[in-house]
Every structure is written in C-alpha cells, then in structure tokens.
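Take a look at the letters that make up each chain.
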Amino acid sequence: MTRPKLVAFDLDDTFIGSDGKIAPANFCALEQLSAAGVTAAAVTGRTFYEMPAELRFNPLVPYAVYGDGAAAVNAAGETLFSSYYSREKALAVLHLLRQYDTMIEVFYGGRPYAPADKLDPAAYDYYRIEPIYHPVMAASRVPCTDLEALLAGEEKTEMFNIFFHLDDERRAFIDRATELFPELLCTYSMQSNLEILRRGVDKGSALLALADRLGIPHECTLAVGDSDNDRAMLEKAGVAAVMANGMEHVKQLADIVSENDCDHDGVAEIFARLSV
C-alpha cells in the first residue's frame, strides 16, 4: 500500500466524535502528519464557517474542502477553487422543494442560510435533526426571510442541505429531482437530511483537484470517512479508510476499516496503522 502524501478526512462522526467534540488524540495525529511532511485536508459537507474554529485557519490543516466539494480554501482563507449553481437552476430546485414539508438550507458563499422562522428547537425536533447538532445550528445558521431573493442575487449557491419531516417525502423528492434534474446528485449524511449537489461536484472530485494542485499523485491520497456523502472521496482516493461506526454499505468501499469508532480515536488509529 502506497504511503499517503495527502490525507483527507471527513468531520462529523469521523474526526469529530458523536458528542460534537474533537479528541486530543486526533490533534496529536495531525501534529505527527505535519512533522512527517504529510498534507492534511478537512473535507466536509458543512460550510466553511460551520467548521470548528480550531480547524479553520489551522496550519496543521492547511486545506479545507467544504460544501461536499463545492469549494476549497487554504489556511489563509484564500479560495483555491469553487463551483456554484447557476441562478436559474438554484431557483428551480428551490421551487421544487417548496412542494414538500422541509427545512431548506442554502449553502451560499461559504455560509449556511436557513429560514428565520425555523431556527428554533421545536423545528429542529420536527425535522428530526439530532440534538447533538442543535447548538451547531443555533450558532452557525444565517437567518433568512427570503431565500428566493438570496438565490436571485449573485451566483454563489454551493449546495442545498434539506431536512425532511417524513422519509416518504425524502424518497419522493429524490425520484422527482432525478427526473427533472439529471445533472444533480442527491446524497445524505444524517437521518433526515438530503444534500443536493451538481454531478461532478463532490468530495472525490475535490480531493483529486487538490492533489493535482499540490502535485501529489492520486495513488498517494488517503480518504477517511463514514457516510454516504463520503462515497466519491473513498472511491477516488488511493487508499480508502472507513470508520468502525461507518454505514455498512460505505464500509464495502474500504481498504481498511478502523477497529475504534469516532468516539475512541478511530482516526488516530487509522493514521498509525498506515504509518502516516
């Protein structure tokens, strides 16, 4: 197995534990990566400003890919690449979403915008958002009273993150969106959410684009993840590592599965096992 030169890791339920905290062992592992000359990149479905403050602008994590691959920045906050919806497509997707019982979030210009009237614990419970994420929602969401006006402005829509009240409606939306917008891709990372991306804009494509930018061969990349929205990254990396707590169908993509989960230093274990 080729020794990785670029390590890309997912955040939620991978680098970040189920309690929303980052284990000290994971930071120690980052220090060891840096000392060994291995480049680290956080690759997340979150927006940039949802990332934990201790990871943003951190020299141990010189690159961050956010919005499931929609954009990447360096430790100085400079944008390396980005990919946005067209204004017309973003509004068309929003129009379709209005037909379902959802909490619509728009990742726009690196920040998550959400309806102002749904940013409260009662709405979070109604849309089955896990309690561990409630503080993140409260701290990071930008209240918006007119999503249509937002999307009609500058073309900075990176992706949609949608919470459904009912699973049946989520499945129905996926079927309808696939029919109307074959150029879009629906994936998920939580029990009630749906992340709507443009095909070709995903964690995997972003990982390879970052490797190319750094002059690192694709076979010298390592991806670590746990969920369906990590699939593209795991499929395209030179080495695919999946957490013990990962989804079973995602584990089928793995070259290595950790023995420990995200609450017991699983990421640090993977790095140690691969000598990175």
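A.B. asks: Account for unusual backbone geometry, naming residues and giving values.
C.D. replies: The backbone of aspartate 68 shows a phi angle near 55 degrees, a positive value even though the residue is not glycine. Within the fold, aspartate 68 resides in the loop between strand 3 (63–66) and strand 4 (71–74). Overall, the relative accessible area of 0% leaves aspartate 68 in the buried class. One non-glycine residue, aspartate 265, adopts positive backbone phi at about 65 degrees. Of note, aspartate 265 is situated in the loop between strand 14 (256–257) and helix 10 (266–273).

A.B. asks: Describe the side chain of lysine 203, listing the residues and the values that go with them.
C.D. replies: Position of lysine 203 among the secondary structure elements: in helix 7 (residues 203–214). Given a relative accessible area of 1%, lysine 203 falls into the buried group. There is a polar contact of 2.6 Å between the side chain of lysine 203 and the side chain of aspartate 230. If near-sequence neighbours (up to four positions away) are discounted, lysine 203 is found in contact with Asp10, Val43, Thr44, Gly45, Asp68, Gly69, Asn229, Asp230 and Met233.

A.B. asks: Describe in detail the packing of helix 1 (residues 24–35) against helix 10, supporting the description with residues and values.
C.D. replies: Viewed as axis vectors pointing N to C, helix 1 and helix 10 meet at an angle of 30 degrees, and their least axial separation amounts to 8 Å. As summarised for this structure, helix 1 and helix 10 are arranged roughly parallel, according to the angle between their axes. You can see that helix 1 and helix 10 cross each other, and the crossing is left-handed. Along its contact with helix 1, which presents Ala25, Asn26, Ala29 and Leu33, the element helix 10 presents Val267, Ala268 and Phe271.

The rules behind each value
Residues numbered from 1 in each chain as written. Predicted model: local features only at pLDDT ≥ 70, side-chain atom pairs only at ≥ 80, totals over all residues. Heavy atoms only, no water. Helix = DSSP H or I, 4+ residues; strand = E, 2+ residues; numbered from the N terminus. Buried < 20%, exposed > 50% of the residue type's maximum accessible area, 1.4 Å probe, protein only. Polar contact = N/O pair within 3.5 Å; in protein donor to acceptor, adjacent residues only side chain to side chain. Contact = heavy atoms within 4.5 Å. Axes fitted to C-alpha atoms, helices over the stretch in contact; angles between N-to-C directions. Parallel < 35°, antiparallel > 145°, perpendicular 65-115°, else oblique. Left-handed = near helix turned anticlockwise from the far one by under 90°.

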